[in-house]
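# Tertiary structure, described
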Amino acid sequence: MGKAPKKRSLADKVRKTKTNAAIKNNPFEVKINRKKFEVLGRKTKHDVGLPGVSRSKAINKRKETLLKEYKQKNKASKFVDRRLGEYDAKIAPEDKILQRFALERQRIHEKKDMYNLNEEEELTHYGQSLAEMEKFNDMVNSDDESEEKGLLSAELTASHFGGGGGGGLLRKKTSGEQQQEDGNQRAKSRQELIEELIHKSKQEKRERQVQKEEAQELTEKLDQEWKSIQALMVKKTAKAEHTDKPEEKPKLDEYDMMVRELGFEMKAQPSEKMKTPEELAKEEKEKLQKLEADRLRRMIGEEEETKAQSQTCMSADDLNDGFILDKHDRKTLAYQDGKWNIEEEEREAVEDEEGETGESGEEQESDKEEGEEEEEEEEEEASSEEEEDGQSDLESEQESEAEEKNLRDEGKPKKTLSKEEMKAHQQAAKAELPYTFAAPESYEDLKDLLCGHTPENQRLIVARTQKCNHPSLAVGNKLKLQKLFGFLLEYIGELALRTSPELTAVDKLLPELYALCQMFPEAAAAAVQLVLADAAHSMEEQIEVRGHAPFPTLDSLIYLKLTALLFPTSDFRHPVTTPALLYISLALTKCPVRSLQDATAGLLLCCLAVEYVSFSKRFLPELINFLTGSLHLAVRDKTSLGYTVVPPFRPAGKCSDLLVLSDPESCRSWRKKPLPLSATRCLELKSDLDRDHHRLTCLSVCLDLVKRCCLLYNDLPSFSHVFQPVGSLLSKHLSIQTLPEALQELHREIMDAISSAPTTHRHLVFNKKKPIPLKLLTPKIVEVLDYGKKRGCTREEREKERLKHKYKKEFKGALREIRKDSRFLAREKLNEVMNRDAERKRKVKELFGSLATQEGEWKALKKRKRK
Amino acid sequence: MAPSKKRNVNSRNTSENVSKAAKLDLEGIVDRILESRKHANDIFDVLESLQSEKERDVVSAVDACCRLFSTLLERKELFVGKLPAEDEALSGESSAEDKCRIFMGHRYNACVEILLEHLNHEQFAVKESALCCLMKFAAGQVQHPLEDLEWSEHHSFPRGIILAVVENLTSKTTDNTLLISRFQEFLEMDDVRYYVMSALRESVGKVMEKNKGTLLPVYQNNVFTLMSSISMPSQQSELTNFMVKLEGKPEDWRAAKLNNHKRAFEKMWLGFLKYKLPSNMYKKLLVILHDSILPHMSKPALMIDFLTAAYEVGGAISLLALNGLFVLIHQHNLDYPDFYKKLYNLLEPTVFHVKYRARFFHLANLFLSSSHLPLYLVAAFTKRLARLALTAPPTGLLIVLPFIYNLIRRHPSCRVLLHKPSTEDEPVEDPYLMDEEDPAQCRALESSLWEIKTLQKHYHPDVAKAAMMINTPLSEQEEDISELLELTTYELMERDLKKPQDKKSIPLEFETATQLLKGGGDVLAHHFCLVSDE
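Residues numbered from 1 in each chain as written. Chains lettered and ligands numbered in written order. Predicted model: local features only at pLDDT ≥ 70, side-chain atom pairs only at ≥ 80, totals over all residues. Heavy atoms only, no water.

We apply this condition: UniProt positions are given in the numbering used here, feature names are shortened, and annotations may be inferred rather than shown by experiment.
Chain B carries the name Nucleolar complex associated 4 homolog in an unreviewed UniProt entry, which gives Oryzias latipes as its organism. The UniProt entry for chain B carries the following comment under Subcellular location (unreviewed entry): "Nucleus membrane". In its Sequence similarities (unreviewed entry) section, the UniProt record describing chain B reads: "Belongs to the CBF/MAK21 family."

As annotated in an unreviewed UniProt entry, chain A carries the name NOP14 nucleolar protein homolog (yeast) and is attributed to Oryzias latipes. According to its UniProt record, chain A has this under Function (unreviewed entry): "Involved in nucleolar processing of pre-18S ribosomal RNA. Has a role in the nuclear export of 40S pre-ribosomal subunit to the cytoplasm." Per UniProt, the comment on chain A under Subcellular location (unreviewed entry) is "Nucleus, Nucleolus".

Right under this line is the structure:
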């Protein structure tokens, strides 16, 4: 039984004695791993195995590690042999003895100095030199110490004052606190616990110390810095002291004073620094630049992926904004205050517009109203400070508001109503204008709401409605306001269609419309699209029936203008402005000019078209056609034309002399003045003179537009061909001598622009193609992470597969090792048992033997006695 | 008779109830007449009311007449053969039966005359019922001929009535379009159509001769409407729907043969086209010429004169004549000198604006699809179209740009128009001569299509994109322009309007709108104001 290991050990011994080469050459030691197939260029490590060698290696290793552990099992203490060089086989026994002796002597010598308190040795407390501590320069440390002394951890007290039981308490504590841990580490001995405790407390102490040191360092630094700025603050502190605390505590320590001062100073809340006007301007400029860049990008028609810029979020400091955004901003910030603030402002603005008369009286009035409003809104009065703040804010904003108003007023045509009338109206309206409005549910509601108010008040009503129904106030408000946009659009259309178009009201409502549009771009776009589609559809139907259509009515024209104001016209493709442009084009190609009104409407459309393309400089052939046709209407002699007119104009026939002056003398009394928009529908031209004046105005508009077009399209390669008809018409057919000076000037400018344009161009060539890269012949190197099956294509997956494989291999290996370990242990145990048994057998045998001899001797003795 | 007359007068003057009563009355009269010959004289009451002023009365009277005479025709109670004069017959010694028949025959003729007059009545209802009644009479006469059969080779078709109806339909003073469309349903019958065609030919010839070829817009319009509402069968086997019931040998009957139909059709049209036409009718005619007239003529080549004349007219009429010419050239071997030169000269800015744009480009595409065209010609067409594109609306541009590209694809040598790299690098003036009428002399090949370069800046994104294609070599595949031909501006708009909005929100104008007239370069504010100053 016990033979096998012995044999093996014998074999090991034999093997050990042999050289490596000898083993490798021994065919009985070598195991050749058969290869299934050869792989060229691969070096194989494991083609030859030496199972005997590796097994003996493994066994030896186990003997050194596992067996030792096994032997030490269940032994709490162990004997450590610290004898010098006891296990060192290299040192000769004599040397060992000598060295041990020397060491012994040394130790004895040291022991002698144990009570010798020499200066050479430094005494420490808590790891710090006691000598240094004696200097007592560390103030903080001292008072901190007392603090710390009180702070005994529960652990410490429990362990220190736990009573004699010691072990019992400790065990209790561990069982209480570390229930789960206990389960796992039941074997933790008392000694280990105590060790742990000590370790912990030491660590804590160390940490505390480090903290303290850091705090001290910081305090020192602060002190120094304080000293450096102390001088600067002297003046201010003195003053503050005087006002704040007259002579309450005359003997305040300077330091205390400073500390308190500092404390008070800290009360001021940190805020963003005020921006200088330059900074504000810069910011504004940057924002605009960004938006402009955006616009350019859209104009080129790249696919944009940025989200639309929302202009709603602005910093509270931004004072230079347009007032709408400003309002919006304030509303979102603090609606309670903001709401009535805004309304106040608006009224103020109205009053500003009226003039500055009776300001004091009005102020009183407004104060009174303020009170009323507060009651209405049921506002809680906050602290007086706040109110003051609000007031100052209000004032500053009012100022800016007023400025803006003034600015706007400059460009505005004068009001038809006289000042007194206006004022009377406004005051009457003011008396009855409520401050909250329910959002109109239908178009009729809106009409009822706005009916009978002055334009300014209409705007006010819409603005208030919009504020009262801000989406942040209630759930359904968003939808309501979206609908409001549609209603407003309809209302504007109706205003434009009235017998005397109320365009001032349209003008006033525009900012509100813009604000709504900014809030709900999708809904606004949908509403405008609907309006445009309707207009275009009706026109298309007429074209289908009759082949032509009347010019769009004023409401359509206003809608087109609104579209340009609300949406960018320069985009390469825009869901609203592109159809709008198409509508303009349709009107310009399909609506024949039959009267002066038609001509005016056509020119208005041309103006719009020029505005649409003024930024993007896009080519609009219909515009040029129409302008040429309009000028053709002014040509007196229509024979032998050097140009062709394009439908809807005809070379000759009815209505083709529409702009020919009836009396050449009438241009003397003509003066250019802007046409009213209503001229597209009805013209009150009583006399021939009036009619001629209107013709001249149309002609001047026409020429001006041609001039603008010339400048706009200057870069087009076919500029000369595009403007050839206009050029020949103006130069040969239109008699300019009979026209007023201003028109002759325009004429000259156009001719200059046309003649100065380059007529020569390079021949067209295709864009250069990018060179096609040559075929690469170097092999593509693919990293092979593991051979064999290739699952997964991405790098991550392959990596994962590889790791899995590795894990599996390792797992198997570990399992094998563990099995081997347990086998080894079992063998050892068996060995042990066998040895024990053998010993016992031997002993029993011995006993039996001795007993047998005894018996034998005794028998022999008996025999002898018998004999 | 007298009392009944009085009754009629009364009924006319009283309210509607009475007129209803009158109607019942008429029914009663008709019943009575049909019942026994004793009441035959009551027929005058009916004829009286036929001529009344009131529309309602007339219509009911027409109905009554219709019923009365169709029944009489069925019963053969009308005189057959040549109708003797009434007075003679009545005084003569024929039997009472015959006398009665002769009397009814005369009343029948009177009734027909009145009805023919009514065809030009102001009220459509009257016209319509009169027409229906007359056609019913015709049908009745076909079955129970009033003429002696052995004399007639036409299976006794009532040509008289048809001729009269046609002459009245094509009135010189009133526009009978509606009535003619009503008449169309009778034209479904093949023999009716045949006789209508020959009747038309006769009447047109007569009327136009009388007027010495001057324009009669209303008359010609009526004739044209009637003629264009004739839809010809394309095969002999389709000739089945006859008013005359055929018995015996239908082969001898002229109205039963497609060739005869075709000949009649051809003669009718040629007879009509001989005379000068108003220009809008020219257009209408040319629009339908190629598919509803030319295929049904026995010798379409006879139209050459008319078509060449129309092609010379110029403008939209020439465009339309193209279609007919194409059919003749393509299917009937017509050789037309200088066809392409003329086509080239047809290219004017107006081609993009006329109604027939789609048709023109479709044909132009066909004409220019040949790969055997000389290079100079294709280049000239290309360049001219490009030049015209400078004045075209976006829908036209969306046609013409692919059109030009297709031309260049078919004739790869034309690529020099887009790509002329080697020539010395100095800029040149456009050598193309727009005013040159001969495509061979216009120097188009020396030019480049700068116009398309210009259109790259067009305001409509689709056009701009299409124009961008010249930046790179064109693809091999031709584009199909057929679906672009009918595109209208509104449809183009809808493309943008109906496009589902992607979630990306719509870009907005960031410059705050403060005033209506402001913005966009202030062009509007410069010339217009909100309210006039006065």
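Picking up where we left off.
### Examining the overall build of chain B
Defined as follows: Secondary structure elements follow DSSP: runs of H or I no shorter than four residues count as helices, runs of E no shorter than two count as strands, and numbering proceeds from the N terminus. Note on exposure labels: buried denotes an accessible area under 20% of the residue type's maximum, exposed denotes more than 50%, and partly exposed covers the range between, all computed with a 1.4 Å probe on protein chains only. Two residues form a contact once any of their heavy atoms are found within 4.5 Å. Working definition of accessibility: Shrake-Rupley area with a 1.4 Å probe, residue cover restricted to the visible protein chains.
In terms of helices and strands, chain B carries 23 helices and two strands. Out of the 534 residues belonging to chain B, those deemed buried represent 54%. In chain B, the share of contacts with a sequence separation of at least 24, taken over all contacts with a separation of at least 6, comes to 73%. Counting every atom, chain B has about 24700 Å² of accessible surface; 51% of that belongs to carbon and sulfur.

### Overview of helix α31 (residues 741–756) of chain A
All names here are of chain A. Note the following rule: Helix span, expected: 1.5 Å multiplied by one less than the number of residues in the helix.
Here α31 is 16 residues long and its end C-alpha atoms lie 22 Å apart, about the 22 Å a rise of 1.5 Å per residue gives. For α31, every residue scored as buried is listed here: L743, Q744, L746, H747, I750, A753 and I754. Where α31 is buried, its residues touch α28 (688–712), α29 (719–722) and α30 (724–733).

### Observations regarding the UniProt feature "transmembrane region" (unreviewed entry) in chain B
Residue and element names in this part refer to chain B. The feature "transmembrane region" (unreviewed entry), as annotated in UniProt, sits at residues 306–329, 360–381 and 388–408 in this numbering. Secondary structure within residues 360–381 divides into 68% helix and 0% strand; the distance between the first and last C-alpha atoms comes to 14 Å. From the first C-alpha to the last, residues 388–408 spans 17 Å; its make-up is 81% helix and 0% strand.

### Comments concerning a nonpolar patch on the surface
Which entries qualify depends on this criterion: Without a salt bridge and with relative accessible area above 30%, a residue can belong to a patch; like charges are then joined within 9 Å and nonpolar side chains (Val, Leu, Ile, Met, Phe, Trp, Tyr) within 5 Å. Here, a salt bridge means any Lys or Arg side-chain nitrogen found within 4 Å of an Asp or Glu carboxyl oxygen.
There is a patch of nonpolar side chains on the surface, built from Y807(A), F811(A) and L815(A) and spanning about 320 Å² of accessible area. The topology assignment puts L815(A) in helix α32 (residues 795–866).

### Concerning the pattern of salt bridges
Side chains carrying opposite charge are able to pair once their charged atoms draw close together. Evaluation of the coordinates by the stated rule reveals 31 salt bridges over all chains. A salt bridge links E456(A) to R459(A); the shortest N-O distance between them is 3.3 Å. Here E456(A) pairs with R459(A), and both are found in helix α20 (residues 455–468), just three residues apart, close to one helical turn. Among the salt bridges present, the one from E478(B) reaches R410(B), with a minimum N-O distance of 3.1 Å.

### Quick look at the interface of chain A and chain B
By convention, interface size is frequently given as the accessible area that disappears when the constituent parts associate. Keep this limit in mind: Buried area: the accessible area, evaluated with a 1.4 Å probe, that two parts lose upon being put together, summed over both parts.
On the chain B side, the residues contacting the 96 residues of chain A number 82 residues. For the pairing of chain A and chain B, the buried interface totals around 8600 Å² over both sides, and the portion due to carbon and sulfur atoms is 65%. When the buried area of chain A at its contact with chain B is split by residue, H763(A), L764(A) and F766(A) rank highest and sum to 11% of it. Counting the contacts that link chain A with chain B gives two salt bridges.

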